[in-house]
Amino acid sequence: MKKLFAALLLPLFALAEDTPTIDSGDTAWMMVSTAFVMLMTPAGLALFYGGMTRSKNILNTYAMVFAAFVVGFVVWIAAGYSIAFGTADGSMNSVIGGFNNLFLNGISYNDLSGTYPTFVFVVFQGTFAAITVAIASGSVIERIKFSTWIVFVAIWVLVVYAPITHMVWGGGYLMDMGALDFAGGTVVHMNGGLAGLVLAVLVGKRKGYPKTAMKPASVILTALGAALLWFGWYGFNGGSAFGANAIAGLAFLTTTIAASIATIAWIVLEWIVYKKPTLLGAATGAIAGLVAITPAAGFVDVSGAFIIGTVGAVFAFFGVTMFKKKMGYDDSLDAFGVHFLAGLWGALATAIFAINDQALLWDGPLKESGDRMGQFLVQLESVAIVGTFTLVGTIVVYYIAVAITGAKRVSDDKEVMGLDESTHGEKGFNL
């Protein structure tokens, strides 16, 4: 089964006797899914983050997300794809894929990944790389230097994201171990959320935090961004079935269930704790549910989706309220609380609620022998390895970026003025 999955990912892994043929339905679905995921970053996430930012920084926040997408995608084509899905000799293959496909060298337009063009797979995976690093931007908006952010993005995608992708999806150590991550609970959300927290601690708090009121510029923009993210998530999760098939349909259903129940759960929690349901809370709850179901979307049934979405909202709610307040860090837009904590829960919950169905699961203890506890331990090791790699890698990349640009954050005067005018010479709103 592992070889079959590898064949879906990259023709270099295919069995010699297999002769893949293109399927127009699968190709169309994967191209549409890729477009959906692309929409999530420079539209969905940018609006979601931008609306939560103070009005004097809304344009800079949007620019950081937009820059993360374009820079992240370019370095993905240059080397990230090769590191994640190329082939390497010897023990290094457990961590990186190699450098044989730099700038997509050796891949032709008529090569296939399973039943659709490899180039489509390259772009699909590139959109995942871009949104992962963009998630981290939410933790350091309103004070990080724009040039430092650009350099950080370029290096981080290669040094942190690509190796983790290889370990989980590209034939590396965690994939060999049987770790389950349907669409990016560890690869994307834990990875991006933890990187954001590390950056927030290293860059430092915003001036006046937490005493100064820092009200969002537009909750309506944030809600619109959440809706666009939800829309794009159908490509994110559904596309991770790598075809227009029954598993994609399952992912469609579980994605919708988890996001819906998580929204309700967050509203209920707000009503209980703060006596008022907010639109910002509803939007955040939806994202928490989407994050939580991502690693499990194609593995669980309806009841699993309900539980994963509900508990994911609870984890995220207390992560962005009580835990954040107790620890005292300034994660501006709660990337850690929503993405890391809900992603962590989803990754572990996959072992608990996955359907023991030979057609749904890749290699692992649960599939091989029905050993659910064994699968849980595999998931636990997976999140521990990813967390450690992200923690150490992000610290290293951060200091390299600061050394190159000479500063980690803008001056006090520019921060007070707002990064829209001081960095870009523009205003998000000319009222």
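Residues numbered from 1 in each chain as written. Predicted model: local features only at pLDDT ≥ 70, side-chain atom pairs only at ≥ 80, totals over all residues. Heavy atoms only, no water.

## Here we look at the packing of helix H7 (residues 185-203) against helix H14 (residues 372-405)
Then, in step 1: Where H7 meets H14, the closest approach of the two axes is 9 Å, and the angle between their N-to-C directions is 40°. The angle between H7 and H14 places the two elements in the oblique class. H7 and H14 meet at a crossing whose hand is right-handed. Here Thr186, Met190, Asn191, Leu194, Ala195, Val198, Leu199, Leu202 and Val203 of H7 come into contact with H14, specifically with Ser382, Val383, Val386, Gly387, Thr390, Leu391, Thr394, Ile395, Tyr398 and Tyr399.
Then, in step 2: Its residues assigned to classes, the contact of H7 with H14 shows 13 nonpolar, 6 polar and no charged. (Axes fitted to C-alpha atoms, helices over the stretch in contact; angles between N-to-C directions. Helix = DSSP H or I, 4+ residues; strand = E, 2+ residues; numbered from the N terminus. Parallel < 35°, antiparallel > 145°, perpendicular 65-115°, else oblique. Left-handed = near helix turned anticlockwise from the far one by under 90°. Contact = heavy atoms within 4.5 Å. Nonpolar A, V, L, I, M, F, W, Y, C, P; charged D, E, K, R; others polar.)

## Considering H7
Then, in step 1: Between its first and last C-alpha, H7 extends 26 Å over 19 residues, near the 27 Å set by a 1.5 Å rise per residue.
Then, in step 2: Taking the largest bend as the criterion, H7 deviates by roughly 25°, centred on Asn191.
Then, in step 3: The buried fraction of H7 amounts to 18 of the 19 residues, a majority that puts the element mostly inside the structure. (Expected span 1.5 Å × (residues − 1). Bend = angle between axes of the 7 residues up to and from the residue. Buried < 20%, exposed > 50% of the residue type's maximum accessible area, 1.4 Å probe, protein only.)

## Focus: the environment of Leu269
Then, in step 1: Tracing the sequence through the fold places Leu269 in helix H9 (residues 246-274).
Then, in step 2: When the C-alpha positions of Leu269 and Phe317 are compared, they lie 7.9 Å apart, and in sequence the two are 48 residues distant.

## Notes on the packing of helix H10 (residues 279-293) against helix H12 (residues 335-353)
Then, in step 1: Close contact between H10 and H12 brings their axes to 7 Å; oriented N to C, the two are set at 40°. For the element pair H10 / H12, the angle class is oblique. The handedness of the crossing between H10 and H12 comes out as right-handed. Judged by residue contacts, Thr284, Ile287, Ala288, Val291 and Ala292 of H10 engage Val338, His339, Ala342, Gly343, Trp345 and Gly346 from H12.
Then, in step 2: The residue makeup of the contact of H10 with H12, split by class, is 7 nonpolar, 4 polar and no charged.

## Thoughts on the nonpolar core
Then, in step 1: With 121 residues, the main nonpolar core has Tyr49, Trp149, Phe152, Tyr161, Phe236 and Ile287 as its most contacted residues.
Then, in step 2: In this structure Tyr49 touches Thr61, Val65, Ala134, Ile135, Ser137, Gly138, Leu333, Ala335 and His339, once residues within four positions along its chain are discounted. (Core = buried A, V, L, I, M, F, W, Y, C linked by side-chain atoms within 4.5 Å.)

## What to know about helix H5 (residues 146-169)
Then, in step 1: The largest bend in H5 comes to about 45°, at Trp156.
Then, in step 2: The positive-phi residue at the C-terminal boundary of H5 is Gly171, with phi of around 100°.

## Concerning the pattern of salt bridges
Then, in step 1: For the structure shown, the criterion picks out 6 salt bridges.
Then, in step 2: We note a salt bridge from Arg143 to Asp330, for which the minimum N-O separation is 3.8 Å. Here the residue Arg143 occupies a position in the loop between helix H4 (118-137) and H5, and Asp330 occupies one in the loop between helix H11 (302-327) and H12, the gap between them amounting to 187 residues. The same class applies to Arg143 as to Asp330, namely buried.
Then, in step 3: Salt bridges linked by common partners bring Arg54, Glu142, Arg143, Arg206 and Asp330 together as one network. (Salt bridge = Lys/Arg side-chain N within 4 Å of Asp/Glu carboxyl O.)

## Some thoughts on the packing of aromatic side chains
Then, in step 1: Under the counting rule described, the total for this entry stands at 29 aromatic pairs.
Then, in step 2: Here the aromatic rings of Phe69 and Phe73 are separated by 6.3 Å at their centres, their planes lie at 10°, and the arrangement is stacked. Remark: Phe73 and Phe69 occur in helix H3 (residues 58-85); sequence separation between them is 4 residues, near one turn of the helix.
Then, in step 3: Pairing Trp76 with Phe85 gives two aromatic rings, centres 6.4 Å apart and planes at 80°, and the pair type is edge-to-face. Here Trp76 matches Phe85 in class, with each residue buried. (Phe/Tyr/Trp six-rings, centres within 6.5 Å; stacked < 30°, edge-to-face > 60°.)

## Here's the deal with the confidence of the model for the chain
Then, in step 1: Across the chain, the average pLDDT comes to 94, with 95% of residues at or above 70.
Then, in step 2: Segment residues 1-17: pLDDT under 50, and 40 contacts once partners within four positions in sequence are set aside and those in other chains are kept. (pLDDT = per-residue confidence, 0-100.)

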